[in-house]
Amino acid sequence: MLTISGDEAKQTLTREQLIQLADRTIKTQTPWTEGEQVFLGVSAQKLLETVNKPAHSLKAYALNDYWATIPRDDIKKYNPIFAIKKNGDWMRVRDKGPIWVIYPLSSFSQLENEVLHSRMAWQVNRVEVLKE
């Protein structure tokens, strides 16, 4: 479901492995949903720890080849998640799944932040750990 690559071998995680790694829930509003939503997923920090690269930036790629860089500073400040569930349901491709990068916009009063919005890639299926 998610392929992680970097300067070492690729690692592919199944949905079952991702749910076991899931360590964070974010309750937030987004520009693409109505009202507050509850997202469950693997935090960027946890994902980096899993591949032993705790202080790196990430590049998330969508099924349509859209990509967004999640800077190391964002990971430290916001710790966005790679959401696999929304409101208790698995994320489907037609509903921005299988994985959607979610920032805690409501917690930081960032609902109108276009830069963060551009980093909230959906339909993510691979992530690259960037060299620093």
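Refer to the structure presented above.
Report on the accompanying structure. For clarity, every value in this text was computed on a predicted model and none was experimentally measured.

1. A few points about the sheet that holds strand S2 (residues 11-13)
Then, number 1: Spatially, S2-S1-S10-S5-S6 is the arrangement adopted by the five strands of the open sheet, whose pairing is mixed. Edge strands, defined here as strands with exactly one partner in the open sheet, are S2 and strand S6 (67-70). Between one strand axis and the next, the sheet turns through 20° on average, direction left out of account.
Then, number 2: Relative to strand S10 (residues 124-129), strand S1 (residues 2-5) runs parallel, the two being bridged by three bridges. Paired with Thr3 across the bridge in S10 is Arg126.

2. Thoughts on the packing of aromatic side chains
Then, number 1: Tallied over the full model, the rule gives six aromatic pairs.
Then, number 2: Geometrically, the ring pair formed by Trp100 and Trp122 is edge-to-face, given 5.8 Å between the ring centres and 90° between the ring planes. Separated by 22 residues along the polypeptide, Trp100 in strand S9 (residues 100-102) and Trp122 in the loop between helix H4 (114-119) and S10 bring together distant segments of the chain.
Then, number 3: An aromatic cluster is built from Trp32, Phe39, Trp100 and Trp122, whose rings are joined through pairwise contacts.
Then, number 4: For Arg126, the ring lying beneath its charged end belongs to Tyr61, and the centroid distance is 3.9 Å.

3. Things to note about the environment of Leu47
Then, number 1: Within the secondary structure layout, Leu47 lies in helix H2 (residues 44-50).
Then, number 2: In the structure, Leu47 is positioned 29 residues away from Leu18 in sequence and 9.5 Å away in space, judged by C-alpha atoms.
Then, number 3: Beyond its immediate chain neighbours, meaning those up to four positions away, Leu47 contacts Leu2, Ile4, Leu13, Val42, Leu58, Phe82 and Val127.

4. Some thoughts on the pairing of strand S7 (residues 81-86)
Then, number 1: Burial analysis of S7 places five of its six residues in the buried class, the great majority of the element.
Then, number 2: As judged from the five bridges shared by strand S4 (residues 37-43) and S7, these two strands associate in the antiparallel manner. Within S7, the residue paired with Ser43 across the bridge is Ile81.
Then, number 3: In the sheet, S7 pairs with S9 via three bridges, with the strands oriented antiparallel. Bridging from a neighbouring strand, Phe82 pairs with Val101 of S9.
Then, number 4: Sheet analysis places S7 next to strand S8 (residues 89-90), joined by two bridges and oriented antiparallel. For Lys86, the partnering residue across the bridge sits in S8 and is Asp89.
Then, number 5: Linkage of S7 to S8, two consecutive antiparallel strands, is achieved through a turn of two residues, within which Asn87 is found at a positive phi near 55°.

5. Remarks on unusual backbone geometry
In terms of backbone geometry, most residues other than glycine have negative phi values and most peptide bonds are trans.
Then, number 1: A cis amide bond links Gly97 with the next residue in sequence, Pro98, at an omega value of 10°.
Then, number 2: With respect to the helices, strands and loops of the structure, Pro98 is situated in the loop between S8 and S9.
Then, number 3: Despite not being glycine, Asp65 shows a phi value in the positive range, around 75°.
Then, number 4: Tracing the sequence through the fold places Asp65 in the loop between strand S5 (58-62) and S6.

6. Observations concerning the environment of Gly6
Then, number 1: Within the fold, Gly6 resides in the loop between S1 and S2.
Then, number 2: Spatially, the C-alpha atoms of Gly6 and Leu58 are 9.4 Å apart, while their sequence positions differ by 52 residues.

7. Points about the nonpolar core
Then, number 1: Counting 35 residues, the largest nonpolar core has Leu47, Leu58 and Phe82 as its most contacted members.
Then, number 2: Top contributing element to this core by residue count: S7, with four residues.
Then, number 3: Contact partners of Leu58, with chain neighbours within four places excluded, come to Ala44, Leu47, Leu48, Ala68, Thr69, Ile70, Ile75, Phe82, Val127, Glu128, Val129 and Leu130.

Calculation rules
Residues numbered from 1 in each chain as written. Predicted model: local features only at pLDDT ≥ 70, side-chain atom pairs only at ≥ 80, totals over all residues. Heavy atoms only, no water. Pairing = 2+ DSSP bridges. Helix = DSSP H or I, 4+ residues; strand = E, 2+ residues; numbered from the N terminus. Axes fitted to C-alpha atoms, helices over the stretch in contact; angles between N-to-C directions. Phe/Tyr/Trp six-rings, centres within 6.5 Å; stacked < 30°, edge-to-face > 60°. Lys NZ or Arg CZ within 6 Å of the ring centre and 35° of its normal. Contact = heavy atoms within 4.5 Å. Buried < 20%, exposed > 50% of the residue type's maximum accessible area, 1.4 Å probe, protein only. Core = buried A, V, L, I, M, F, W, Y, C linked by side-chain atoms within 4.5 Å.

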